[in-house]
Each structure stands twice: as structure tokens, then as C-alpha cells.
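# Per-entry structural report
Here is what each chain is made of, one letter per residue.
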2 protein chains.
Amino acid sequence: MPAVDKLLLEEALQDSPQTRSLLSVFEEDAGTLTDYTNQLLQAMQRVYGAQNEMCLATQQLSKQLLAYEKQNFALGKGDEEVISTLHYFSKVVDELNVLHTELAKQLADTMVLPIIQFREKDLTEVSTLKDLFGLASNEHDLSMAKYSRLSKKKENEKVKTEVVKEVAAARRKQHLSSLQYYCALNALQYRKRVAMMEPLLGFAHGQRRKFRCTSSLETSEIQPSESFQRGWITVSWTC
Amino acid sequence: MPAVDKLLLEEALQDSPQTRSLLSVFEEDAGTLTDYTNQLLQAMQRVYGAQNEMCLATQQLSKQLLAYEKQNFALGKGDEEVISTLHYFSKVVDELNVLHTELAKQLADTMVLPIIQFREKDLTEVSTLKDLFGLASNEHDLSMAKYSRLSKKKENEKVKTEVVKEVAAARRKQHLSSLQYYCALNALQYRKRVAMMEPLLGFAHGQRRKFRCTSSLETSEIQPSESFQRGWITVSWTC
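Let us look at the structure shown here. (Residues numbered from 1 in each chain as written. Chains lettered and ligands numbered in written order. Predicted model: local features only at pLDDT ≥ 70, side-chain atom pairs only at ≥ 80, totals over all residues. Heavy atoms only, no water.)

## Brief notes about the side chain of His140 of chain B
- Topologically, His140 of chain B is positioned in helix α2 (residues 79-152).
- Aside from chain neighbours lying at most four places away, what touches His140 of chain B is Val167, Ala170, Arg171 and Gln174 of chain B. (Helix = DSSP H or I, 4+ residues; strand = E, 2+ residues; numbered from the N terminus. Contact = heavy atoms within 4.5 Å.)

Here it is, written out as C-alpha cells:
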């Protein structure tokens, strides 16, 4: 664990082997972070998927309860009470469905979205800047090689000046891209802590909000069709 | 909708066309009930499946949060706080997982199981008794046909006595199986009301219990790693 926490921008121009070595440490860290982020995203998407499936399932159950009425039972005696009780339960399931749907939406917005944005914005930015830095480094190496060959031969001054200009331009370009790349890698070190926390706060807040809703839902009396109180079963609750 | 609510056992022996017609109404009703029960069971199994998937998903998320520590990040500066906060969140997710697991178990035991039992016991019993009644009716018809042919010819007394015995035995068998079949169909009319309610009570009780648990969970203070309070984000809740 090196005692450094950022790449120094003033080292970018010199591009020493020490700086390159430190850069590779930051790159390795970013690679590990990318893998971990993908796994975390997968786990969070699974939670969201389960929550979403719960919405669809409660929706189907509610519909199925209402469908009893439309079954055209050949014998319908006493079915009015069953139907009204099933209607009541369907409403309870609907209320639950609203909470599940709200939670699913909240999980999507405050848990899954932030980590997708972290991946698409921060991690992708680092990856793009890495590619650009690689291209600029190659260009710089090529122009330097051209310059080396040039100094051995005895070319005219005009060609020499042009190659020197090319080297200078390539160095400027590499310097600029390394500055951007270093900045992005440094920023990632700060962003990663927040990026891990943000979706979890979203998850926890969503759960808290749901429980608060269901807690207030619970205080209302659940009293389905009082007439449906037979010797067999008595449906009556007080909280 | 006929004004009858049961098949009269005393009509079983005579087995008149009126009784047969009424029987077919009860049979149609049982068929509709079987279809509806299968659809309801499917909807309930979907809710249970979603709840179960939520258990597995929260379990995976909790593990993934703990896995941060084992990533061997090349740069670990400041990770102690991230790790301890992720550990804290992992515990919160674990507590939720316990509730989800308990609810899934309760849904399996008090929602899905009763309706499976209703299908396997009551509906299957009716279906089995229907088959047996059909077989006994056929046997009775065959022995009656034999008897009809007999009365036209002039057979000896011994054969006649035997055929009469056979008819009597077939009629007893058919009578017995029709009594059992009628009883099962009558019982189904009473059972069906309870059978629709029982799993829903299980569902509602499970939800209530979960909310009560989460409601008490909510009153405990959520205060993750106070040291993790940076300029970027402050993790601190009071209920």
C-alpha cells in the first residue's frame, strides 16, 4: 500500500520511470474498482429486479382475487361474501403493491442509477483517457524516433526544424493527455468512496421510507367483511 | 344460479335424470373451482418466488459489500473507513434479509401450502371419486344390460339368480360411490370459501408481522461510522 494518494501533475511532463510505475499502481486500482463496481451493480440490479418482480406478482395476485367474481361458478350461493372479502383483500394487496412499486422506483433512481452513472461517467472517462494517453504516447515515441534518426544523418535545416516542431507538438499533446488522465485517476480516488456510499444510502432510505409507510398502514384497522364470520374461520383483526 | 346448496344423499339410490342434472351442475362448479384454484396458486407462488428472490438478492448484496475488503486495491488509503461503513451497511442488509427470509418462510407455510393442500386433498379427492363413480356407473349399466338380455330369453333359474345378485352388487357399489362422491362435492362447497380465505390470511399476517419487525427495527438509531463524515457526504441519521 503506497503512501501516496495522488499522481503529481508536475511530474507529468518529465514522464519518468518512477512516475510511470506509480501510474501503473493507479491503473491497477482503477481496474480492481471497475471489476468490483460491476459486481456491486449486478448485486444491486438483482435486488431491484426482485423488488420489481414483487410489484408484478402482487399486481397479478390482486387481479386474480378480483377474477373470482368473473368465474361464472355454476353454484354461486354464498359467493357474495367470498367476493366482497376477496375484494377487500385485493385492496390490501393493491396498497402493498403501491408501496412495492414506490420502493422499486426509488431503488432504481437512488441505488441503481448512481452506480450506473459512476460506471458510465467516472470509470468510462478514466478508460477513455487511458486510451487517448496511450495514443499520444505512441505518437510522441514515433516523433522522437524520427528525431533520433535525423540527428545521425546530416539533413538540411528545414527538415530538422520541421521534425523538432513535430516532436514539440507531440510532447505537448502527450503532456496534455497525461494531465487529463492523472486528473481523472486522482478524482477517481475521491469519487470511489462516495460512489460506494451513495447507492447504499439510496437503498437504506428507500427501505426506511417503505417501513414508515407500512407502519402507518398497519395502524389502520384491518376488518374484512364482518359478515364473513362463520364457525369455520373468523376474519377479524384489531391492531 | 340454482337455489340448491347441496346434493341430497337420499336421491343417490334412485339416480334420477334430475339428480344427474343437478350433479352435473356441481361438477361444473368443481371444474371452475379447480381452474381458478390453479390460477390463484400460480399467482401466490409468484409472490412467494419474488419474496424468495429478494432473500437471495439481499444475501448476495450483503456478501458483495463485505467483499470490498478482499479486493486488494492497489491504493488502500482511506479504505478503512469505507470498509467499516460497508460492514455496517452489510449488517443492515443482513437484518433485512432475516426479515425477508422469515416472510418467505411464512408465505410458503401459510399462503402457498394451504392452497396446495386444498388442491391436492379436496380437489383431487373430488376428481378421484368422480372416476370411481364413473366406473361403478359403467359396471352397473353393464350388469343391467345383462339382466335386460336375460329377461327376454328364457334362462334357467340359477343363471337368473346370479345375474340378479350381480345387479344388486353393482347397484350397492354405485350407490356407495355416489354417496361418497356427493359428500365430497357438498363438502367442497363449504371448503371452497375457507380455502380462498386461508392463504390470504396467511399472506396478510406475514406482511403485518414483517412490518411490525421493520417498524421496531426503524426505531433503533442508524448511525454508520461517524468518522465517515467528509465534505462530500455526511452519513448520519436520527429517527
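Next comes the rest of the account.
## Digging into the packing of helix α1 (residues 17-67) of chain A against helix α1 (residues 17-67) of chain B
- Here α1 of chain A crosses α1 of chain B at 160°, and the two axes come no closer than 8 Å. Relative to α1 of chain B, α1 of chain A is oriented roughly antiparallel. In the packing of α1 of chain A onto α1 of chain B, the handedness of the crossing is left-handed.
- Here the residues of the contact of α1 of chain A with α1 of chain B sort into 24 nonpolar, ten polar and four charged. (Axes fitted to C-alpha atoms, helices over the stretch in contact; angles between N-to-C directions. Parallel < 35°, antiparallel > 145°, perpendicular 65-115°, else oblique. Left-handed = near helix turned anticlockwise from the far one by under 90°. Nonpolar A, V, L, I, M, F, W, Y, C, P; charged D, E, K, R; others polar.)

## Looking at the environment of Tyr48 of chain B
- As for its position among the elements, Tyr48 of chain B is in helix α1.
- Distance in space between the C-alpha atoms of Tyr48 of chain B and Asn38 of chain B is 15 Å, their sequence separation being ten residues.

## Considerations on unusual backbone geometry
Residue and element names in this part refer to chain A.
- Phi angles above zero are rare outside glycine, and Asp15 is one such case at about 55°.
- Its place among the elements puts Asp15 in the segment before α1.
- On the basis of relative accessibility, which here comes to 19%, the residue Asp15 falls in the buried class.
- Here the phi dihedral of Asn72 falls at roughly 50°; this positive angle occurs in a residue that is not glycine.
- Looking at where Asn72 falls in the secondary structure, it is placed in the loop between α1 and α2 (79-152).
- Its relative accessible area of 64% is what places Asn72 among the exposed residues. (Buried < 20%, exposed > 50% of the residue type's maximum accessible area, 1.4 Å probe, protein only.)

## Side note on the environment of Glu80 of chain A
- In this fold, Glu80 of chain A is placed in helix α2.
- Under the relative-accessibility criterion, Glu80 of chain A is labelled exposed at 52%.

## Some words on the pattern of salt bridges
- All chains considered together, the criterion is met by 16 salt bridges over all chains.
- Lys105 of chain A serves as the salt-bridge partner of Asp109 of chain A, at 2.7 Å between the closest nitrogen and oxygen. One end of the pair is Asp109 of chain A and the other is Lys105 of chain A, both in helix α2 and four residues apart, which spans about a single turn.
- Residue Asp109 of chain A is classed as partly exposed on the basis of its relative accessible area, which comes to 38%.
- For Glu166 of chain B, the salt bridge is made with Lys146 of chain B, and the minimal N-O distance between the two is 3.1 Å. Of the two residues, Glu166 of chain B is situated in helix α3 (residues 157-219) and Lys146 of chain B in helix α2; the sequence distance between them amounts to 20 residues.
- Given the relative accessible area of 34%, Lys146 of chain B is considered partly exposed. (Salt bridge = Lys/Arg side-chain N within 4 Å of Asp/Glu carboxyl O.)

Functional significance is not addressed by these values, which are geometric in nature.
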